[in-house]
Amino acid sequence: HHAAWTTLFHLADQSACHAHTEQGRRLYDAEAHQTHKFVFGGHDPGVCARNHGALTSWLLGYPDRALALSREAIALAEQLDHAMSLVLAHCFASFLHQFRSEPEAVLERADAVLEICTAQGIAPHYVATGNIMGGWAKAMLGEPDDAVAEIRQGLADLAKTEMNARLPHYLAMLAEAEALPGL
């Protein structure tokens, strides 16, 4: 299910993705599956199911469910005390809040991503993502000082990691920020 929901999400088959996240959540047991974070890309599959379930719920038109799943992902990652899972939970939450046009929440989540990554010395691609998301949030909050530069620096840092799966999304965020008056 874990491999399926990730693949289906990126293939834009949200209904099938949602079905796999739901099945994964039903099968998941935090205690029994605690070692899976070492098998599945360095993050916990229960957190990942909630992350993808949140974004899929949003895309399928269920904003309240999306927010609930995002909160569950963060709570589970905190309970597990696993840095990379927590980074992902905050990162996916920042995406959801961006979709919901909630820049204050985006900035809060982006700051959490940066804080964890910096403290743990992990995930340079998520440091770049945190800077992109934070720059977008600052621009939307009317704090144009260096907001576009922060997004551009995040994009440059992301290019160094060769992790480009979300690049079109980030470029759209840059364009939105650059289109604001005064930037």
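Each remark here, short or long, concerns the structure printed above.
Keep in mind that what you see is a predicted model, and the values were worked out from it rather than measured.

**Comments concerning the nonpolar core**
In step 1: In terms of nonpolar packing, the biggest core is built from 49 residues, with Tyr126 and Tyr170 touching the most fellow members.
In step 2: Elements with a minimum of two residues in this core: α1 (2-10), α3 (45-59), α4 (63-80), α5 (83-99), α6 (103-120), α7 (124-140), α8 (147-161) and α9 (167-178).
In step 3: Tallying contributions element by element places α5 first for this core, with 10 residues.
In step 4: What Tyr126 contacts, discounting residues up to four positions off in sequence, is Met84, Val87, Leu88, Cys91, Val113, Cys117 and Arg166.

**A closer look at the packing of aromatic side chains**
In step 1: Applying the stated criterion across every chain yields a total of 2 aromatic pairs.
In step 2: Aromatic pair Phe92 and Phe95: ring centres 5.7 Å apart, planes at 55 degrees, arrangement tilted. Note that Phe92 and Phe95 are positioned in helix α5 at a spacing of 3 residues, about one turn of the helix. In terms of burial, Phe92 and Phe95 fall into one category: buried.
In step 3: Centroid distance Phe95 to Tyr170: 6.4 Å. Interplanar angle 45 degrees. Geometry classified as tilted. Remark: Tyr170 occurs in helix α9 and Phe95 occurs in helix α5; sequence separation between them is 75 residues. For the pair Phe95 and Tyr170, one class covers both residues: buried.

Analysis parameters
- Residues numbered from 1 in each chain as written.
- Predicted model: local features only at pLDDT ≥ 70, side-chain atom pairs only at ≥ 80, totals over all residues.
- Heavy atoms only, no water.
- Core = buried A, V, L, I, M, F, W, Y, C linked by side-chain atoms within 4.5 Å.
- Buried < 20%, exposed > 50% of the residue type's maximum accessible area, 1.4 Å probe, protein only.
- Helix = DSSP H or I, 4+ residues; strand = E, 2+ residues; numbered from the N terminus.
- Contact = heavy atoms within 4.5 Å.
- Phe/Tyr/Trp six-rings, centres within 6.5 Å; stacked < 30°, edge-to-face > 60°.

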